[in-house]
Amino acid sequence: MAQIYLPTDHVADRSRLPSFEQYQDMHKMSLDEPEAFWSEIINEFHWQTHPTRGNFMSYNFDINKGNIFVKFMEGAMTNVCFNVLDKNVRNGHGDKIAFYWEGNHPEDYSRITYAKLMELVCQFSNGLRDRNIGKGDRVAIYMPMILETVVCMLACARIGAIHSVVFAGFSSDSLAERMSDCKAKVLVTADGAWRGTKLLNLKDTCDDAMEKAKTKYNHTVGMCIVVPHLERVTACGKLPHDLRDLYKWNDDIDVWWHDMVEGQSTICPPEWMAAEDPLFMLYTSGSTGKPKGVLHTTAGYMLYAAATFRYVFDHRDKDIYWCTADVGWITGHTYVVYAPLANAATSVMFEGTPFFPDNDRYWSCVEKYKVTQFYTAPTAIRALMKFGEHNVKRHNMTSLRVLASVGEPINSEAWLWYYKLVGSNRCSIADTFWQTETGGHVITSIPAATPMKPGAAGYPFFGVDPIILDNDGKEIKGEGEGFLTFARPWPGIMRTLFGDHDRYQEVYFRRFPGYYCTGDGARRDEDGMIWITGRIDDMLNVSGHLMSTSEVEGVLTEDLRVAEAAVVAKPHPLKGESLYCFVTLGEGATFNDELVDSLKKRVRHRIGAFAAPDAIQYAPGLPKTRSGKIMRRILRRIALGENDMGDISTLTDPSVIAQLLKYRAT
Ligand code: PRX
């Protein structure tokens, strides 16, 4: 049985939620009387048209009863940007630091107050409006971790445009596909950025992507706005003499960021948005390979982001909060941008990597900024563990109070290292389980209120009612393991997939009518804690990045030498999971190092470096059932190095197993 860790006095002292009983009472109220529960936080925000009572939430999760829908606070009008900037400035936080920006190079850093951020956002908003970008238009963002990224997202929110951020590690193909799917009118990027000593040639990738959008998807992106970032930061590697040699410039569509904002007023009236108007979309991998444009709306997302941040990080006025996630992922959207700003928090925004210029960069920043809450991913913790304790111990990290984790299950060894070494046995750890689709944390511990167990995600957040179902869709009450689902919405859950409501209904609501199906397995233990047991679909989680096996398979079979490909997850000590690929070859093709190399490169190039396979093995044939379905269970065992394949009675041709064992990749 896993050991229980209770919150220490260091955390409980002055906490806004200091006991488990209080958490339980509030959780019960959040389910029994949602409107009353959320009213306190609703009242903190500005509503141009006030919500009407009795109209708090309506939904249908049962696909057999008609269209799936979720609506919160219908009739209310507000603006998220106004609430996270103007409201804070009006409440006296204008001079408060919104972000400490720490660049890739330790000598590059800056800070910005709420008042200044508001001015920049207004200027950029006016610039967008001048160029005819307005409510409902899609704005693609392919940016490094710089303040302009936040400015751009908030400017979109201010004028009602829907931002669609694409992580700047994605390839030009992936960017082209995403921009075309949402028909982005404009793309915002930077000339480039450093990650460690590696130069990211962002504008060049954008040029490729815009070209591919045109030729492959017949979509023209009308304008590309570029931040000249490289000239203002320390070079961390080789650069051409003239930075303009890094990319092409086309006066018809390319515009410098400063030309957009120059001369613009620092006042910009917000677009008042209905509660259910879209705020942003963000693509996440889908198991068919085509990315899904998860759509979040205005009021519910804002409330939920604000509330989760406040309780899960136990946020207080003087705290310095740091989330290391990139803004290109949902964690960056909610917990770098919207949630901290909605709480008038001061955050650190970090452009670099944990390993540059040294492997103690995270800890030196914790010391430098006196960080109180630190939020990162298990894959980073595991990577840092291997550099030894001295990297941590030589920094003063006594400011820390709450540590948090996200993206994948945290193994107990990493949890204990985080708890004991980084948190000096006195900080709480919140292992936050959530998804792009959930908008914010749904299962987590709450620092001073709930006990913790290494590896367990913990308890539901307010408004969240997790239901574990067995294979037949029957609820498992009490202890047990099955599919993690939810029978009712909370304010921050996604509303649809952009332009494809049918797919939304099919992917999330078809398997168990009446329930939102997360795609994850879960176990409830004897203390009511929930453990996430991993994906139950064909998805892989590599270093906290979700991707679909079929997406990678599709790329492998683009090589004409490959006849068929199957990809499975293999446990990996640092990445959590890695990609292990099986390929069968077409007539006349030979399996050799050159092929393996070019397939690996192809995946990096087509999807992004984070998707690069670890192993590619030759397969004379793939194990299939009589109906032609690939038996991935067998492939996973081969990848794991096992020799016993379990029950193979449904296999059409059992002789493939001996062959697969023979060619196993090392
Ligand atoms: O499988 C779960 C895993 O990551 C998936 C969601 O990925 P994405 O939409 O990219 O969002 C990641 C950041 C919120 C989930 O379905 N996952 C995320 N957090 C955890 C987790 N698995 C276990 N424990 C977690 N804390």
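Residues numbered from 1 in each chain as written. Predicted model: local features only at pLDDT ≥ 70, side-chain atom pairs only at ≥ 80, totals over all residues. Heavy atoms only, no water.

By the naming in an unreviewed UniProt entry, the chain goes by Acetyl-coenzyme A synthetase and is assigned to Arctia plantaginis. Recorded in UniProt under Sequence similarities (unreviewed entry), the annotation for the chain is "Belongs to the ATP-dependent AMP-binding enzyme family." Per its UniProt entry, the chain bears the Catalytic activity (unreviewed entry) comment "acetate + ATP + CoA = acetyl-CoA + AMP + diphosphate". (UniProt positions renumbered as here; feature names shortened; annotations may be inferred.)

A few words now on the overall build of the chain. Scanning the chain for helices and strands turns up 20 helices and 32 strands. For a compact globule of 666 residues, the expected C-alpha radius of gyration is about 26 Å, and the chain comes in at 25 Å, within 12% of that figure. Taking the principal axes of its C-alpha atoms as reference, the chain extends roughly 75 × 60 × 60 Å. Buried positions account for 61% of the 666 residues belonging to the chain. The contacts of the chain with a sequence gap of at least 6 include a subset with a gap of at least 24, amounting to 73%. Here the chain displays about 25,400 Å² of accessible surface, and carbon together with sulfur accounts for 48% of that area. (Helix = DSSP H or I, 4+ residues; strand = E, 2+ residues; numbered from the N terminus. Rg over C-alpha atoms; globule rule 2.2 N^0.38 Å. Buried < 20%, exposed > 50% of the residue type's maximum accessible area, 1.4 Å probe, protein only. Contact = heavy atoms within 4.5 Å. Areas by Shrake-Rupley, 256 points an atom, 1.4 Å probe, with all protein chains shown as cover.)

As a further point, take the UniProt feature "domain: Acetyl-coenzyme A synthetase N-terminal" (unreviewed entry) in the chain. UniProt annotation of "domain: Acetyl-coenzyme A synthetase N-terminal" (unreviewed entry) refers to residues 23–84 when read in the numbering used here. Within the segment residues 23–84, helix and strand shares are 42% and 16% respectively, and the terminal C-alpha atoms sit 27 Å apart.

For the pair helix α5 (residues 114–130) and helix α6 (residues 147–159), interaxial distance at closest approach is 8 Å and the crossing angle is 60°. You can see that α5 and α6 cross each other, and the crossing is right-handed. Only Val 151, Cys 152, Leu 154, Ala 155, Arg 158 and Ile 159 of α6 make contact with α5, whose side of the interface consists of Leu 117, Leu 120, Val 121, Cys 122, Phe 124, Ser 125, Leu 128 and Arg 129. A class-by-class count of the residues in the contact of α5 with α6 yields 11 nonpolar, 1 polar and 2 charged. (Axes fitted to C-alpha atoms, helices over the stretch in contact; angles between N-to-C directions. Left-handed = near helix turned anticlockwise from the far one by under 90°. Nonpolar A, V, L, I, M, F, W, Y, C, P; charged D, E, K, R; others polar.)

What follows deals with the site of the ligand. As a structural note, the neighbourhood of the ligand is formed by 18 residues, with Asp 431, Thr 432, Thr 436, Asp 520 and Arg 535 the closest of them. Measuring from a nitrogen atom of the ligand, one finds a side-chain N or O atom of Asp 431 at 2.8 Å. Within the side chain of Thr 436, an N or O atom sits 2.6 Å from an oxygen atom of the ligand. Protein chains shield 95% of the accessible area of the ligand, which is 540 Å² for the free molecule. When contributions to the shell around the ligand are tallied by element, the ones reaching two or more residues are α11 (330–342), β20 (428–432) and β27 (530–535). Broken down by class, the residue content of the shell around the ligand amounts to 7 nonpolar, 6 polar and 5 charged. (Near = heavy atom within 4 Å. Polar contact = N/O pair within 3.5 Å; in protein donor to acceptor, adjacent residues only side chain to side chain.)

The strands that make up a sheet are held in pairs by hydrogen bonds between backbone atoms, and each pair lies either parallel or antiparallel. Taken together, 8 strands build an open sheet; the order of strands is β12-β11-β8-β6-β7-β14-β15-β25 and the sheet is mixed. The open sheet terminates on both sides in strands that have one partner only, identified here as β12 (254–256) and β25 (496–497). Here 5 bridges tie strand β8 (residues 186–190) to strand β11 (residues 223–227), and the two strands are oriented parallel to one another. Directly across from Leu 187, in β11, lies its bridge partner Cys 224. (Pairing = 2+ DSSP bridges.)

For the rest of this paragraph, the subject is the sheet that holds strand β26 (residues 516–524). One open sheet holds the 4 strands; their spatial order is β23-β24-β26-β27, and the pairing between them is antiparallel. Of all strands in the sheet, those with a lone pairing partner are β23 (466–469) and β27, marking the two edges. Geometrically, the sheet is characterised by an average inter-axis angle of 45° between neighbouring strands, direction not taken into account. Pairing between strand β24 (residues 480–486) and β26: 6 bridges, direction antiparallel. Bridge assignment links Thr 485 to a residue of β26, and that residue is Cys 517.

It is worth spelling out unusual backbone geometry at this point. Omega for the bond connecting Phe 356 with Pro 357 falls within 30 degrees of zero, at -5°, which places this linkage in the cis form. With respect to the secondary-structure elements, Pro 357 resides in the loop between β17 (346–350) and α12 (361–369). Look at Lys 183: it is not a glycine, yet its phi comes out positive at around 50°. If you trace the backbone, Lys 183 turns up in the loop between α7 (172–181) and β8. If you check the backbone angles, Ser 543 has positive phi at about 50° while not being a glycine.

The subject of this paragraph is helix α17 (residues 549–556). Most of α17 is tucked away, with 6 of its 8 residues classed as buried. Residues of α17 that are buried include every one of Thr 549, Glu 551, Val 552, Glu 553, Val 555 and Leu 556, and no others.

This part takes up the UniProt feature "domain: AMP-binding enzyme C-terminal" (unreviewed entry) in the chain. Per the UniProt record, "domain: AMP-binding enzyme C-terminal" (unreviewed entry) is annotated on residues 551–629. Helix and strand shares over residues 551–629 are 25% and 32% respectively, and the end C-alpha atoms of the span are 17 Å apart.

This part is about the environment of Glu 271. Take Glu 271: it is sitting in the loop between α9 (257–261) and β13 (273–274). Its relative accessible area of 28% is what places Glu 271 among the partly exposed residues. For Glu 271, the contacting residues outside a window of four places in its chain are Thr 78, Asn 79, Arg 129, Lys 135, Arg 158, Ile 159 and Gly 160.

As a further point, take the pairing of β8. Most of β8 sits out of view: 5 of its 5 residues are buried. Of the two faces of β8, both are covered, the one formed by Val 186, Val 188 and Ala 190 as well as the one formed by Leu 187 and Thr 189. Direction of pairing for strand β6 (residues 138–142) relative to β8: parallel, over a ladder of 4 bridges. Pairing of Ala 140 across the sheet is with Leu 187, part of β8.

Moving on, we get to the state of the cysteines. Under the counting rule described, the total for this entry stands at 0 disulfides. With no disulfide of its own, Cys 156 has Cys 152 as its nearest cysteine by sulfur position, at a separation of 4.7 Å. The buried category is assigned to Cys 156, whose relative accessible area is 0%. In this model Cys 365 remains outside any disulfide bridge; the closest cysteine sulfur is found in Cys 236, 13 Å from its own. The class of Cys 365 is buried, set by a relative accessible area of 1%. (Disulfide = S-S within 2.5 Å.)

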